[in-house]
Amino acid sequence: MLRVSVTRDNALTVKIGKKDNSAENFKRATKILTADSEMVHIWDFSGRTTYILMNSWNRMPHDSRSADHEMPLQIQIYDLSEPMANGDDGKRDGLALTLGRSGFSNGSITDMDLDSTSGIIKQVGSGLTGLDNLGNTCFMNSAVQCLAHTSKLVDYFLGDFCKEINTHNPLGMKGELASAFGDLLRRLWAIDRTPVAPRIFKAKLARFAPQFSGFNQHDSQELLAFLLDGLHEDLNRVKCKPYSEAKDSDGRPDDEVADEYWGNHLARNDSIIVDICQGQYKSTLVCPICKKVSVTFDPFMYLSLPLPSTTMRTMTITVLGTDGTIVPSPYTVSVPKFGDTRTLINALSNACSLRDDERLLVAEVYNNSILRYLDEPSEVISLIRDGDRLVAYRLPKDSEDAPIVIFRNQRMESSLSSFGRKSWKGFGTPLVSSLPDTVTGSTIYNLFLKVMSPFRVSNDDISDGDQTIDESSLANETTDIDMNTDGSERTSLDNNALEDETETEDAMQFFLTNERTPDQRMKIEMDQALTVKGPQKRLQVVVCWQDKGLEQYNLGSLDSLPEVYKAVLFSRRPQDTCSLYACLEAFIKEEPLGPDDMWYCPGCKEHRQASKKLDLWRLPEILIIHLKRFSYSRYTKNKLETFVDFPIHDLDLSKYIGHRCQQIPHNYRLYAISNHYGSMGGGHYTAYVYDEGKKGWYDFDDRHVGPITEDSIKTSAAYVLFYRRIQEDSLDTGTDIDSDIPS
């Protein structure tokens, strides 16, 4: 690199002095900057001025150069403080550039660097350049724009970063990712503000991270994590990583242990990314049995903060009796949005005045059948969607291990797909009852009549004989029966046969079935002994109704189960809100490890469900905060639209830092935001960026860039926040400080 100086007296002058440079660099500059040299540009690293050098060089006597050991260059400069329209940047008149003697004793001097290997001193643009969307690449554009306005990264990649590329790092990409990113940044910071199509950079991403190949929508934070890690490995200054063994604290002071861990980390990791983006947090594990305490200190590239589960959720569940004494009743309860099944059952038990000798069996009903049972107390209720339908059955508490019977109802209905031909169709909500030790067909029959008693039609005109189903008529049915290998009787469910069989039935008939093969059924006879098999101890029974039986019951309440939450038309739920400090509190809160994340206790020599606590120990210059809006599970994907109130001018983290270093401030100012609008698996990403030169915020929406007011940047779409440390002199003078500090 060649050191040049700029001074302003009557004219702007650039000086290349031999006293400021090595003899070799000065000699190379004199060869490059000749009368026949081509266009010369300036990279402005100072951030305070911009320069353009063009046209021919006037000849200068050789002896005067060697005598003064300097090359004064007198130039003119344009004021580029105002943004130029796209396409107008290359239509300026040529600038006059003359070599001549100029006085350097007056005026202020600013130092800049010249790449003496290429002889190019290039001008830096405003950085307000958009990125073309190549097809669902807005997630990439959003993350890149935030990094492209991280000042120290910009200075680094606009400089001679190639000399730090580590092509021999097995964890890197042989410098290809860093080179592609550096080239993209240079194009974004060029004078020409024509939107850039990042095809080469996208191709490199797809090559080294196949998960980002194609044109599907992805997560901007996942891309950011891969990109920062990849840039670090490509630019790692450590060519041979030494071996270091992680040691436990063993009662040593935290400062000593933290410095040891940090030193081991820096011995293997040294790059511009580590310099400005990496911090350190303290992790404390406590064994619940032997109280063994383990303290480790780990590096972090960004903080992933959970959104605190302080908001409530309204849920409606229908409670049904199993003893024939109560009718179905819906109950609405409020529970923590991220609570578990145990919390939901406790709230529902209080709402329905559950007796001490009763318990609730909660299930999800879909298509007139039980889809699943919510019998795992630790299962999170965030998996339950608003459109689901839940029921809770009141069962005797002393029968928790006893088998149960589930009754599903069917009736003959015409089907359009079969040209009006009737077939058996399910209807209503399944009913449940406990089973005694000995079960026969008659037991099933009596239990069903018992649970159906709340739905019985009261009519004085109907005689008692008509209201009672003749048991002998059920026992003397005519049906096609096949013999199973075990001697049991199995019916064929051919629709024609069943239609003929049930024409003579007075009310209903019962069939055994199972959850795996519901189309295979066995007719239940009154004197038939039944055995409940399987670990779940659940007997599945299908009740086929005749019209005469349906006339005796009012089953309307079983046909209309309410949804968990029914949104009112044209209305929205009140938006959940929290502060960024509340997210930090949730991050450092002590919590027990999950059953799938057990810790091996060196004291007990066994895996234990230890309690874990995180504390911030060392903060980086650039603090990246990821708000965990997306939740993934085996069944569902959800996005949290919580509005997070984050500080803009002063994020004060002093009370969250365990390492009380008085020399380093812990106050940060926001300078970029990656936003996500829409739902999971789709939506759109944009970026808000603060421009230091314009002293204002800009909205980067793919190729479109425009100003935005500071009052508009706080939205529920904020996904990744970028903060820059406020220097001590700014804190002393009160610069960039507002009232965002928490009380």
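Every residue gets a number counted from 1 within its own chain, in the order that chain's sequence is written. For a predicted model such as this one, the threshold for reporting local features is a pLDDT of at least 70, and the threshold for listing and counting side-chain atom pairs is 80 or more; totals across whole chains, interfaces and linings nevertheless cover every residue. The side-chain figures draw on all heavy atoms in the structure; neither hydrogens nor water molecules are used.

> Provide a residue-level description of the overall build of the chain, including the pertinent values.
Numbering of helices and strands starts at the N terminus; helices are DSSP runs of H or I of at least 4 residues and strands are runs of E of at least 2. A tally of helices and strands in the chain yields 18 helices and 39 strands. We call two residues contacting when some pair of their heavy atoms lies within 4.5 Å. Intrachain contacts of the chain at a sequence separation of at least 6 include 72% that bridge at least 24 residues. On the chain, roughly 36700 Å² of surface is accessible, and the fraction owed to carbon and sulfur atoms is 48%. In short, Shrake-Rupley with a 1.4 Å probe defines the accessible areas, and a residue's cover is counted only from the protein chains shown.

> Let's hear about unusual backbone geometry: which residues, and what values?
Trans peptide bonds make up most of the peptide bonds, and negative phi angles are found at most residues other than glycine. Of note in this structure, asparagine 367 is not a glycine but carries a positive phi near 55°. Within the element layout of this structure, asparagine 367 appears in the loop between β13 (358–366) and β14 (369–373). Only protein chains enter the accessibility calculation, which uses a 1.4 Å probe; a residue is then buried when its area is under 20% of its type maximum, exposed when over 50%, and partly exposed in between. Relative accessible area serves as the criterion here: at 60%, asparagine 367 is assigned to the exposed category. Within the chain, asparagine 368 stands out as a residue other than glycine whose phi angle is a positive 65°.

> Account for helix α11 (residues 441–452), naming residues and giving values.
The terminal C-alpha atoms of α11, which comprises 12 residues, lie 17 Å apart, in line with the 16 Å expected from a rise of 1.5 Å per residue. Looking at α11, one finds that the buried residues are Gly441, Thr443, Ile444, Tyr445, Leu447, Phe448, Val451 and Met452. How far a helix is expected to stretch is found by multiplying one less than its residue total by 1.5 Å.

> Before we move on, could you go through the packing of helix α5 (residues 176–188) against helix α6 (residues 199–208) and cite the residues and values that matter?
Helices that pack against each other are described as a pair by the angle of their axes relative to one another and the distance between those axes. All axes are obtained by fitting lines to C-alpha atoms, using only the stretch in contact for helices, and the reported angles, taken between N-to-C directions, cover 0 to 180 degrees. It is the contact of α5 with α6, at a shortest axis distance of 9 Å, that shows an interaxial angle of 160°. Here α6 runs roughly antiparallel to α5, going by the angle between their axes. Considering only the axes of α5 and α6, their crossing is left-handed. Along its contact with α5, which presents Glu176, Leu177, Ala180, Phe181 and Leu184, the element α6 presents Phe201, Lys204, Leu205, Arg207 and Phe208. For the contact of α5 with α6, the class distribution of residues is 7 nonpolar, no polar and 3 charged. Every angle not falling under 35 degrees, over 145, or within 65 to 115 is termed oblique; those three ranges are roughly parallel, roughly antiparallel and roughly perpendicular. Crossings are classed by handedness, with left-handed meaning an anticlockwise turn of the near helix from the far one by less than a right angle and right-handed meaning a clockwise turn. For this classification, the nonpolar set comprises Ala, Val, Leu, Ile, Met, Phe, Trp, Tyr, Cys and Pro, the charged set comprises Asp, Glu, Lys and Arg, and every other residue, Gly included, is treated as polar.

> Would you mind going over the side chain of arginine 313 in detail, with residue names and values included?
Turning to its location among the elements, arginine 313 is positioned in strand β11 (residues 312–320). Reaching out from arginine 313, the side chain makes a polar contact with the side chain of aspartate 386 at a distance of 3.2 Å. With sequence-adjacent residues up to four places away left out, arginine 313 is seen in contact with Val333, Ser334, Val335, Lys337, Ile381, Ser382, Ile384, Arg385, Asp386 and Val564. Nitrogen and oxygen atoms within 3.5 Å of one another constitute a polar contact, given that in protein one can donate a hydrogen and the other can accept it, and given that sequence-neighbouring residues count only through two side-chain atoms.

> Outline the environment of cysteine 601, supporting the account with residue identities and numerical values.
Within the element layout of this structure, cysteine 601 appears in strand β27 (residues 599–601). Residue classification places cysteine 601 among the buried positions, given a relative accessible area of 0%. Excluding residues that lie within four positions of it along the chain, cysteine 601 makes contacts with Cys287, Cys290, Lys292, Glu606 and Arg608.

> Could you give me a rundown of the packing of aromatic side chains, with the residues and numbers involved?
Side-chain rings of Phe, Tyr and Trp (the six-membered ring for Trp) are treated as a pair once their centres are within 6.5 Å; stacked means planes under 30 degrees apart, edge-to-face means over 60, and tilted covers the remaining angles. This structure, assessed with the given rule, holds 20 aromatic pairs. Both rings, one in tryptophan 545 and one in tyrosine 553, keep their centres 5.4 Å apart while their planes meet at 80°; by these two values the pair is edge-to-face. Residue tryptophan 545 shares its accessibility class with tyrosine 553, and that shared class is buried. Members of the aromatic cluster, connected to one another through ring pairs, are Phe407, Tyr445, Phe448, Phe510, Trp545 and Tyr553. Ring-over charges, as used throughout, are those where CZ of Arg or NZ of Lys falls within 6 Å of the ring centre and within 35 degrees of the ring normal. Note that lysine 202 overlies the ring of phenylalanine 215, its terminal NZ or CZ placed 5.2 Å from the centroid.

> Could you give an account of the confidence of the model for the chain, with specific residues and numbers?
Known as pLDDT, the predictor's confidence for each residue is given on a scale from 0 to 100. Averaged over the chain, the pLDDT score is 76; the fraction of residues at 70 or greater is 70%. Long-range and interchain partners of residues 35–68, a stretch whose pLDDT sits below 50, account for 84 contacts in this model, where long-range means more than four residues apart. Per-residue pLDDT stays below 50 along residues 733–743; that stretch engages in 21 contacts with residues further than four places along the chain or on separate chains.

> So what about the sheet that holds strand β8 (residues 279–286)? Which residues, and what values?
Whether two strands pair comes down to DSSP finding at least two bridges between them. A sheet is described by the order of its strands in space; here 4 strands give the open sequence β9-β8-β29-β26, paired in antiparallel fashion. Only two strands of the sheet have a single neighbouring strand rather than two, namely β9 (293–300) and β26 (591–592). Of the pairings in the sheet, the one linking β26 to strand β29 (residues 611–618) comprises 2 bridges and is antiparallel in character. By the bridge assignment for β29, glutamate 591 is matched with lysine 612.

> A description of the pattern of salt bridges should follow, citing residues and the corresponding values.
We define a salt bridge as a contact between a side-chain nitrogen of Lys or Arg and a carboxyl oxygen of Asp or Glu at a distance within 4 Å. Under the counting rule described, the total for this entry stands at 30 salt bridges. For lysine 152, the salt bridge identified is with glutamate 621, shortest N-O distance 3.2 Å. Taken as a pair, lysine 152 in helix α4 (residues 151–158) and glutamate 621 in the loop between β29 and β30 (622–627) lie far apart in primary sequence, 469 residues in all. Across the pair aspartate 270 and arginine 237 runs a salt bridge, and its minimum N-O distance is 2.7 Å. Here aspartate 270 is found in the loop between α8 (254–268) and α9 (272–277), whereas its partner arginine 237 is found in the loop between α7 (220–234) and α8, with 33 residues between them in sequence. Residue aspartate 270 is classed as partly exposed on the basis of its relative accessible area, which comes to 27%. Given the relative accessible area of 27%, arginine 237 is considered partly exposed. Within this structure, Glu164, Arg237, Asp270 and Asp275 form a network of salt bridges that share partners.

> Can you explain helix α3 (residues 138–147)? Please cite residues and give values.
It helps to recall that an α-helix has 3.6 residues per turn; residues three or four apart then point in one direction. Across the 10 residues of α3, 10 count as buried, placing the element largely inside the fold. Listed as buried for α3 are Cys138, Phe139, Met140, Asn141, Ser142, Ala143, Val144, Gln145, Cys146 and Leu147.

> Account for the pairing of β8, with residues named and values stated.
Extensive coverage of β8 is indicated by the burial of 7 of its 8 residues. Inspection of the sheet shows β8 paired to β9 by 8 bridges, in the antiparallel sense. Bridge assignment links tyrosine 281 to a residue of β9, and that residue is aspartate 298.

> Now, about the pairing of strand β21 (residues 508–513): what can you tell me, with residues and values included?
Within β21, 6 of the 6 residues are buried, leaving the element largely enclosed by the surrounding structure. Burial of β21 is two-sided: the residues Met508, Phe510 and Leu512 facing one way and the residues Gln509, Phe511 and Thr513 facing the other way are all buried. Relative to strand β22 (residues 522–523), β21 runs antiparallel, the two sharing 2 bridges. Considered in β22, the bridge of phenylalanine 511 is made with lysine 523.

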